[in-house]
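Structural description and commentary
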Amino acid sequence: MTSLVLFYLAGALALGGAVGVVGTRNVVHAALFLLVSLMGVAGIFLLVFAEFLALVQVLLYGGAIIIVVLFALMLTRLQDFGGSMENRQWPIAALAALGLFFVIAFALARSRGSEETERLGPGVQELGRSLFTQWAIPFEVASVLLLVALIGAIVIARAGGRE
């Protein structure tokens, strides 16, 4: 019973954040609502005993991606984007989203899920041990590559402002 309440709470957090992302006009607020939605998804991962996915969700998506989005917003000159951001096709998109919601709700209502959830994969300790022993060099190479890409993006954005 407790896990069902926690699932509904995490699901409401994920859905509320998603509605906030598409409902707000402020891009910074949209990024923060995206963070709320990603934390709700991490909570759902925890409830199904996928600790590693929850950790990745929080660290990579919740931390790194949101920070990169906020850096990109800070480096973007908003006056370059003149004009309206309104779209006249939103009623069609709303109907499509509502139809997809009903299809998924119908499929979930007809499915027969088991009450017991057991861990099928390795635990966080085993994944961490493997990541930092066997895969330490590729992990560090990927992190350096991402750092170089971020620095390059900042240099390119700054060089464009001098023209």
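To start, this report covers the structure provided alongside it. Not measured: the values here are computed from a predicted model. (Residues numbered from 1 in each chain as written. Predicted model: local features only at pLDDT ≥ 70, side-chain atom pairs only at ≥ 80, totals over all residues. Heavy atoms only, no water.)

Following both chains from N to C, one finds helix α1 (residues 2-23) and helix α2 (residues 27-47) inclined at 155°, their axes separated by 7 Å at the closest point. By the angle class used here, α1 and α2 are roughly antiparallel. Considering the relative orientation of α1 and α2, their crossing is left-handed. Touching Ser-3, Leu-6, Phe-7, Ala-10, Gly-11, Leu-13, Ala-14, Gly-17, Ala-18, Gly-20 and Val-21 of α1 are Ala-30, Phe-33, Leu-34, Val-36, Ser-37, Met-39, Gly-40, Val-41, Gly-43, Ile-44 and Leu-47, all from α2. Looking at the contact of α1 with α2 residue by residue, the classes come out as 15 nonpolar, seven polar and no charged. (Axes fitted to C-alpha atoms, helices over the stretch in contact; angles between N-to-C directions. Helix = DSSP H or I, 4+ residues; strand = E, 2+ residues; numbered from the N terminus. Parallel < 35°, antiparallel > 145°, perpendicular 65-115°, else oblique. Left-handed = near helix turned anticlockwise from the far one by under 90°. Contact = heavy atoms within 4.5 Å. Nonpolar A, V, L, I, M, F, W, Y, C, P; charged D, E, K, R; others polar.)

Looking at the secondary structure, you find Gln-57 in helix α3 (residues 51-75). Not counting residues within four places of it along the chain, the set of residues in contact with Gln-57 comprises Leu-38, Val-41, Ala-42, Phe-45 and Gly-62.

Quick look at α3 now. Across its 25 residues, α3 extends 34 Å between first and last C-alpha, which sits within 8% of the 36 Å expected from 1.5 Å per residue. Along its length, α3 shows its largest kink, about 25°, at Gln-57. Burial in α3 covers these residues: Ala-54, Gln-57, Gly-62 and Ile-66. Where α3 is buried, its residues meet α2. (Expected span 1.5 Å × (residues − 1). Bend = angle between axes of the 7 residues up to and from the residue. Buried < 20%, exposed > 50% of the residue type's maximum accessible area, 1.4 Å probe, protein only.)

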